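# Fold and contact review
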Number of protein chains: 2
Amino acid sequence: MRLSRYFLPVLKETPAEAQIVSHRYMLRAGMIKQASAGIYSWLPLGFKVLRKIENIIHEEQARAGHIAMQMPTIQSADLWRESGRYDAYGEEMLRITDRHDREMLFTPTAEELITDIFRSYVKSYKDLPLTLYQIQWKFRDEIRPRFGVMRGREFYMKDGYNFDLTKEDALHAYNRHLVSYLRTYERMGLQAIPMRADSGPIGGDNTHEFLVLAETGESEVFYDAQITDLKFGDREIDFDSHEQCRAVLDEFTSRYARTDETHDEAVWAEVPEERKRTARGIEVGQIFYFGTKYSDAMGATVQDSEGGKVPVHMGSHGIGVSRLLGAIIEASHDDKGIIWPEGVTPFHCGIVNLKQGDDEADAACESLYASLTALGLEPLYDDRNERAGGKFATMDLIGLPWRITVGPRGLKNGVVEVTSRRTGESEELPPEQAVEKIARIYGVLGA
Amino acid sequence: MRLSRYFLPVLKETPAEAQIVSHRYMLRAGMIKQASAGIYSWLPLGFKVLRKIENIIHEEQARAGHIAMQMPTIQSADLWRESGRYDAYGEEMLRITDRHDREMLFTPTAEELITDIFRSYVKSYKDLPLTLYQIQWKFRDEIRPRFGVMRGREFYMKDGYNFDLTKEDALHAYNRHLVSYLRTYERMGLQAIPMRADSGPIGGDNTHEFLVLAETGESEVFYDAQITDLKFGDREIDFDSHEQCRAVLDEFTSRYARTDETHDEAVWAEVPEERKRTARGIEVGQIFYFGTKYSDAMGATVQDSEGGKVPVHMGSHGIGVSRLLGAIIEASHDDKGIIWPEGVTPFHCGIVNLKQGDDEADAACESLYASLTALGLEPLYDDRNERAGGKFATMDLIGLPWRITVGPRGLKNGVVEVTSRRTGESEELPPEQAVEKIARIYGVLGA
C-alpha cells in the first residue's frame, strides 16, 4: 500500500478521553474512532489487524478440528427464556422490540442458539464429538464503557461450543481448547497464562481464563514465576489424543496462577517465597466446561450406544478478538508508539523514502515495493512529500516491526537501511538483501 | 474435510416454508437455519460460501484501490437526525433504546457514519480521491421477510463510499465501481446486468442496479438481447483511468436494460423487435452518485486548491453479500440440487468412497485427499459408512462442481471416476491424473 493512497488519519494530540496506552495509541495511529460510547469504527489500519487476528483464530480452530459457522447478532428472547437467562442477564443485555412487538436482543453470547441448532439436527452419539464456533459481533450494554476496545459495548468475539457424549469427552474438548488457545496467543506474540477462574453467568465448575500480564490489566493476578518460562512453541500435537492434550493442560496449569477472584491464600502459601509474583493481567479468553446445564434446560439429547436418550455434555470457549488488539498493544509498545509482533502486524514492513521526488530514491523504493509484493508481502510505502522526521514518527507510532529507509546518500553506497522497531537497531544492506531479510523473517523464503 | 467430522445436516424433506428453490436448497443442504423470522444462522457449509464471496469482494475492492474498514452495527440516532433520515426511514429501521435511554439503531446502511468519519479527519483536496468500504451485518425490519436469505432482516452487505473533489471525479468513482462489480460478479460465476434504477431513500440521480436473470427474481426486467453477450472477461484495466472506466460503462449500459421501476415504453420501442427480451431479475448490487446530499447536510467539506471550502462529492455502492448465495443458487441448480460455480464452491471437489472399509478403496481416497490438500485445494471426503446412492445424492444436493468416485472395481483397472456436477459427464482416470485435472481447473497447476 502507498501511504498517499491510504487512509491513515494519525493524530498529533492525544485525545483527552483515553486513559490507557492502548486506547491512546489506537486513536493516535488512526486505528479506531469512537462512534458512540463504547462503540467504535475500525479504521483501515485497525481493521487490518482485526482481520489478521481473525485469520489466526480460524487457522488454529481448523487445526484443532473445530468447525466454523456464524450465528446472527439479533436473536429472539424466547430462546433465552428456555435457559432462564433472559431474566437473569440484567441490564447488560441490549433488549430490542421489533416492529411486530416481538422481544429480541443483541446477542452477548450464544449458548442458547447453538444448543437450539444442535437439538434440531443431532440425534445420535455417532455424530459426536462436535465443536462449532463463530467469530461474530456481540453487544454488552456496559454501564460505563471505557479503555477503548478493551471494555467496549459492541465487540468482536470468537465463541465456540463443544458437544460430547460423556463428561470425559467434554473435558478432552476443554483441554483441546486450552492447547489450541495457547498456540493461538503465541502466534500473536502474546504470552497468555491460563488461570483458574470463576464461571459467572455462563455456569459450570471447570473454567480457566487466559491472562496477558500488563500494568493496566483489570485483574490482580498471583502466580508462580515458573509459569512464565513455559512456551508452547512449535510442538506437534495430536488434537484427538486425550493424553497429549491433558499433558499440556497439566503442564500449563499445575503451577499456581489465579486472579483476585479465585486467589486462595492457603494454597498461595505453599508457593516458595522467591517464586511468588503479583502483577496485573488482561483477560483475553476463557474456556468453560458446564456439563448439561443448557442441554438439560433445552432438551438437547442424543441416543447413546444402548439406545437411551442422554443430555449432551457441553462447554463454551471464548476469545475476545477486538479486545486482543488492546491487549497486544498494552503488552508491546514504547513511548513512541505501538510495536506489533510479526504475527499480527498490519503491514509487514514500512518503506520510508527520505527524498520523495528524487529519481534514484523513488526508483529504489518502487523496486523494493515490487519485490516485497511479489513475495506475497505487504509493505506500507510512505511516498508522501514529507520531512523524514515526520515519516519516522508515523512509522514508529503505527508500529510496523521493520522499516526500510531509502535515501540518496545510502544509495550512493548501494545500500538501504533496515531497522527493527523493537530494538531500534539498524543494518545497512543492498536492497536485494534487505528484501531477503524481510522475507526470511516472515518465512516466505527458506531459512 | 472428512464428512464424518463435519457438520452437514442435510434434510431429506423440503421444509414447508420455503417457496423458492434457493431457500429450499439452502435449508436442505444444511447451509442455513432460521433463527427468527428473516434471521438465519449460517451453518458451516453456508458460512464457507459466504466467506468465499466475501474474499472475492475484498480482492476486487483492493484491485480497484478501495480501502477496507468496518463500522459498528449499532449507531446513534443523532447522526441520522443530521441527514434527516432518522425520521424519514420508517419502520424498516430497527430502533433501539440503550440502558441510558439513548436512542440507537441497527444500521441499515452507513452514509451518515462514514460522512462523520470523513469530516472528522479529511480537510484537504490533497487527501482525495478516497473510497472506503466495509462488509458488515445490516438490519432492515422487513414487514414480511421471505425467500430465505434473499429478503431477510439481518443480512450481510458490502457498502462502499467514495469522496471526491468534483462531480467529474465522483462519476469516475461511480464508473470504477461499475467495472469492479462486473469483475466481482463474473468471478462468482454470475452474469449481473447493470440496469438504470431508481435511487430510493439513498438519494441522487445516477444509479444502476445489477440484476441476475432468474425466474424467481423480484423485478420484471426489459433488455436488449445484445447485452447478455457482453463479458468483462480477463481484460486488464487501469482503475485510475477515467477513459478506460468510462468506456466499460458505455459498453455495458448503452443498450436498453431496465427494471419495471424505470422502464420507458418510448425508449423500449426503439429496440429492434427481435432483440427485445423480458424476464425476471434478482438485484445483487447497486451503485449511486448522489453528489453533495450528505456532505451538505453534515458539513463534510475540504479545502480546494484555491483555499476555498467545498463540500465533497459522494456516492455509495452496495453488494448484497448474503443475498448473493440465494441469487447464485437461483441461477445455477437443477432438480437434484445446487450447482456451485468454481469461484464460490464451498469445497473444490467431493471424494466419494463407494466401499468404505475396503482397504484399497480407503487407501486410494486417503491418497487423493492428501494430494489435493497438498496443492492447497479443499476436498470434501465422504468417508461415512453409507450406501453409494445416499453419498451421490448428498454430493448432488450440496453441489460441489467436481466429484471423484473411488471404488474397488475401478481401482482394479487403476482408475477413479471424475464427474462434472454441471454436465453429469464422467471420465475414468488414474488417480494422479484425476488430481491433475482438478488442480488445472482451479488454476493451481499451469495449464
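Conventions we followed
- Residues numbered from 1 in each chain as written.
- Chains lettered and ligands numbered in written order.
- Predicted model: local features only at pLDDT ≥ 70, side-chain atom pairs only at ≥ 80, totals over all residues.
- Heavy atoms only, no water.
- Helix = DSSP H or I, 4+ residues; strand = E, 2+ residues; numbered from the N terminus.
- Rg over C-alpha atoms; globule rule 2.2 N^0.38 Å.
- Contact = heavy atoms within 4.5 Å.
- Areas by Shrake-Rupley, 256 points an atom, 1.4 Å probe, with all protein chains shown as cover.
- Buried < 20%, exposed > 50% of the residue type's maximum accessible area, 1.4 Å probe, protein only.
- Pairing = 2+ DSSP bridges.
- Least-squares fit on C-alpha atoms with pLDDT ≥ 70 in both.
- Buried area = accessible area lost by both parts, 1.4 Å probe.
- Salt bridge = Lys/Arg side-chain N within 4 Å of Asp/Glu carboxyl O.
- Core = buried A, V, L, I, M, F, W, Y, C linked by side-chain atoms within 4.5 Å.
- Phe/Tyr/Trp six-rings, centres within 6.5 Å; stacked < 30°, edge-to-face > 60°.
- Patch = residues over 30% accessible without salt bridge, like charges linked within 9 Å, V, L, I, M, F, W, Y side chains within 5 Å.
- Lys, Arg positive; Asp, Glu negative; His and termini not counted.
- Charge placed at Lys NZ, Arg CZ, Asp CG, Glu CD.
- Polar contact = N/O pair within 3.5 Å; in protein donor to acceptor, adjacent residues only side chain to side chain.
- Domains from an automatic or database assignment.
- Axes fitted to C-alpha atoms, helices over the stretch in contact; angles between N-to-C directions.
- Left-handed = near helix turned anticlockwise from the far one by under 90°.
- Nonpolar A, V, L, I, M, F, W, Y, C, P; charged D, E, K, R; others polar.
- Disulfide = S-S within 2.5 Å.

This part covers the overall build of chain A. Scanning chain A from terminus to terminus reveals 14 helices and 23 strands. Radius of gyration (C-alpha) of chain A: 24 Å, near the 22 Å computed for a compact globule of 447 residues. Projected onto the principal axes, the alpha-carbon positions of chain A cover approximately 80 × 55 × 45 Å. Considering only contacts in chain A between residues 6 or more positions apart, those separated by 24 or more positions represent 71%. For chain A, the exposed surface amounts to about 17,500 Å²; the carbon and sulfur share of it is 44%.

A word on the pairing of strand 10 (residues 206-213) of chain B. All names here are of chain B. For strand 10, the tally of buried residues reaches six of eight residues, placing the bulk of the element in the interior. The sheet contact formed by strand 9 (residues 192-196) and strand 10 spans five bridges and is antiparallel. Directly across from Arg196, in strand 10, lies its bridge partner His208. Sheet analysis places strand 10 next to strand 13 (residues 276-291), joined by eight bridges and oriented antiparallel. In the strand pairing of strand 13, Asn206 is matched with Tyr289.

Turning chain B through 180 degrees and shifting it by 0.0 Å along the axis lays it on chain A, with an RMSD of 0.0 Å. What we have between these two chains is a two-fold relation. Measuring from the rotation axis to each C-alpha of chain B, the shortest distance belongs to B:Ile96, at 2.9 Å. A high fraction, 100%, of the interface residues of chain B reappear at the interface in chain A, so the copies pair face to face through one surface.

On the chain A side, the residues contacting the 62 residues of chain B number 62 residues. Where chain B abuts chain A, roughly 5,000 Å² becomes buried across the two surfaces, and 59% of that area is made up of carbon and sulfur atoms. Interface area lost by chain B to chain A is led by B:Phe7, B:Arg99 and B:Tyr121, which between them contribute 15%. Counting across the interface, chain B meets chain A through ten salt bridges. A salt bridge links B:Asp240 to A:Arg5, with the nearest nitrogen and oxygen atoms 2.8 Å apart.

Among the nonpolar cores identified, the biggest contains 220 residues, and A:Met31, A:Ile53, A:Phe163, B:Met31, B:Ile53 and B:Phe163 are the most heavily contacted of them. Excluding residues that lie within four positions of it along the chain, B:Phe163 makes contacts with B:Ile114, B:Thr115, B:Phe118, B:Leu128, B:Pro129, B:Leu130, B:Leu132, B:Val312, B:His313 and B:Met314.

So, on to the environment of B:Thr262. Residues and elements named next belong to chain B. Tracing the backbone shows Thr262 in the loop between strand 12 (257-259) and helix 8 (265-268). When its relative accessible area of 12% is taken as the criterion, Thr262 is described as buried. Note: C-alpha distance between Thr262 and Asp198 (64 residues apart in sequence) is 6.8 Å.

Residue and element names in this part refer to chain B. The tally for this structure, following the rule as stated, stands at 29 aromatic pairs over all chains. With 6.5 Å between their ring centres and 50 degrees between their planes, Trp42 and Trp137 make a pair best called tilted. Residue Trp42 is located in strand 2 (residues 39-42), and its partner Trp137 is located in strand 7 (residues 130-139); the two are separated by 95 residues in the primary sequence. Between Tyr181 and Tyr185, the aromatic rings sit 6.1 Å apart at their centres with planes inclined by 85 degrees, giving edge-to-face as the arrangement. You can see Tyr181 and its partner Tyr185 sitting in helix 6 (residues 167-187), four residues apart, about one turn around the helix.

The next point concerns a negative patch on the surface. Residue and element names in this part refer to chain A. On the surface, Asp198, Glu220, Asp260 and Glu261 cluster together into a patch of negative charge. Within the secondary structure, Asp198 is located in the loop between strand 9 (192-196) and strand 10 (206-213). Residue classification places Asp198 among the partly exposed positions, given a relative accessible area of 40%.

All names here are of chain B. Residue placement: Glu330 occurs in helix 10 (residues 321-331). Nearest to the buried, unbridged Glu330 among oppositely charged side chains is Arg24, at 7.4 Å. A distance of 2.5 Å separates a polar atom in the side chain of Glu330 from a polar atom in the side chain of Thr216. If we skip the residues at most four places from it in the chain, Glu330 touches Ile20, Val21, Ser22, Met150, Ala214, Thr216 and Ile282.

Residues and elements named next belong to chain A. By the assigned domains, chain A splits into domain 1 (9-338) and domain 2 (349-441). Relative placement of domain 1 and domain 2: their C-alpha centres are 38 Å apart. Counting from both sides, the interface comprises eleven residues of domain 1 and, opposite them, eight residues of domain 2. Of the roughly 840 Å² buried between domain 1 and domain 2, counting both surfaces, carbon and sulfur atoms make up 50%. Among the residues of domain 1 in contact with domain 2, Val10, Lys336 and Ile338 are the three that bury the most area, contributing 47% of the side total. Counting every contact that joins domain 1 to domain 2 gives two salt bridges. A salt bridge links Lys48 to Glu378, with the shortest nitrogen-to-oxygen separation between them at 2.8 Å.

What follows concerns the packing of helix 11 (residues 359-374) of chain B against helix 14 (residues 431-441) of chain B. All names here are of chain B. Orientation of helix 11 relative to helix 14, taken along the N-to-C sense of each, is 35 degrees, at an axis distance of 10 Å. The chirality of how helix 11 crosses helix 14 is right-handed. Facing Leu368, Ser371 and Leu372 of helix 11, the residues of helix 14 in contact are Pro431, Val435 and Ile438. Looking at the contact of helix 11 with helix 14, its residues break down into five nonpolar, one polar and no charged.

Taken as a whole, this structure holds zero disulfides over all chains when the rule is applied. For A:Cys365, which is in no disulfide, the shortest distance to another cysteine sulfur is to A:Cys349 and amounts to 11 Å.

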